[in-house]
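# Fold and contact review
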Amino acid sequence: ESVMLALEYMPVFLRRFRKLPLDVQEEAIRKITIFKDRTNHRMLNVHKLHGRFAGSWAFYVNPKRIRVIFEFIADNHVIMETIDDHSVYKRR
């Protein structure tokens, strides 16, 4: 049985999303749509983050390593924190 997630987007997520190339934006939208159904999380390789991102989770948008970082704020409620490549670790 599929469980659909409610999503919220932080301003930083939206700013970084708009800076991505159009093809990456389209792929991100496709992956986020798949992500909304929790039964797809294994397919997206949703994984827990550690270190400075402890408490957050991530999944990859594409092989170039663009990833969505998010946090569960309730069982079926997620806040999308940022979308970026691995350089996000150096900025936070």
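Below is a short write-up of the structure. It should be emphasised that the depicted structure is a prediction, and the values quoted were computed from it without experimental measurement.

## Some words on the overall build of the protein chain
Per the secondary structure count, the protein chain includes 3 helices and 5 strands. Helices (α) and strands (β) of the protein chain occur, in sequence order from the N terminus, as β-α-α-β-β-β-β-α. Relative to a compact globule of 92 residues, whose C-alpha radius of gyration would be 12 Å, the protein chain shows 12 Å and is just as compact. For the protein chain, the spread of C-alpha atoms along the principal axes amounts to about 35 × 30 × 25 Å. Taken across its 92 residues, the protein chain has 40% of its residues classed as buried.

## Points about the pairing of strand S4 (residues 67–74)
Relative to S4, strand S3 (residues 57–60) runs antiparallel, the two being bridged by 4 bridges. Bridge pairing in S4 places tryptophan 57 opposite phenylalanine 70. Linking S3 back to S4 in an antiparallel pair, the connection comprises 6 residues, with arginine 65 at a positive phi of about 75°. Hairpin connection, S4 to strand S5 (residues 77–84): the antiparallel pair is bridged by 2 residues.

## Notes on the pairing of S3
Of the strand pairs in this sheet, strand S2 (residues 47–48) and S3 are connected by 2 bridges, and their pairing is antiparallel. Note on S3: the bridge partner recorded for lysine 48 is tryptophan 57.

## Let's talk about the sheet that holds S2
Pairing in this open sheet of 5 strands is mixed, and the strands run S1-S5-S4-S3-S2 from one edge to the other. Two strands in the sheet have a free side with no partner beyond their single neighbour: strand S1 (6–9) and S2. Across 4 bridges, S1 lies against S5 in parallel orientation. Directly across from glutamate 8, in S5, lies its bridge partner isoleucine 79. Strand contacts of helix H1 (residues 11–19): S1, S4 and S5, with the helix running at about 40° to S5, the strand carrying the most contacts.

## Considerations on the packing of aromatic side chains
Applying the stated criterion across every chain, the model contains 7 aromatic pairs. Relative to phenylalanine 13, the ring of tyrosine 9 lies with its centre 5.2 Å away and its plane at 50°, an arrangement referred to as tilted. Their ring planes at 50° and their centres at 6.1 Å tell us that phenylalanine 59 and phenylalanine 70 sit as a pair that is tilted. Of this pair, phenylalanine 59 sits in strand S3 while phenylalanine 70 sits in strand S4; the two residues are 11 residues apart in sequence, bridging distant segments of the chain. Residue classification places phenylalanine 59 among the buried positions, given a relative accessible area of 0%. With relative accessibility at 0%, the residue phenylalanine 70 sits in the buried group. Stacked on the ring of tyrosine 60, the Lys or Arg arginine 65 has its end atom at 4.2 Å from the ring centre.

Calculation criteria
- Residues numbered from 1 in each chain as written.
- Predicted model: local features only at pLDDT ≥ 70, side-chain atom pairs only at ≥ 80, totals over all residues.
- Heavy atoms only, no water.
- Helix = DSSP H or I, 4+ residues; strand = E, 2+ residues; numbered from the N terminus.
- Rg over C-alpha atoms; globule rule 2.2 N^0.38 Å.
- Buried < 20%, exposed > 50% of the residue type's maximum accessible area, 1.4 Å probe, protein only.
- Pairing = 2+ DSSP bridges.
- Contact = heavy atoms within 4.5 Å.
- Axes fitted to C-alpha atoms, helices over the stretch in contact; angles between N-to-C directions.
- Phe/Tyr/Trp six-rings, centres within 6.5 Å; stacked < 30°, edge-to-face > 60°.
- Lys NZ or Arg CZ within 6 Å of the ring centre and 35° of its normal.

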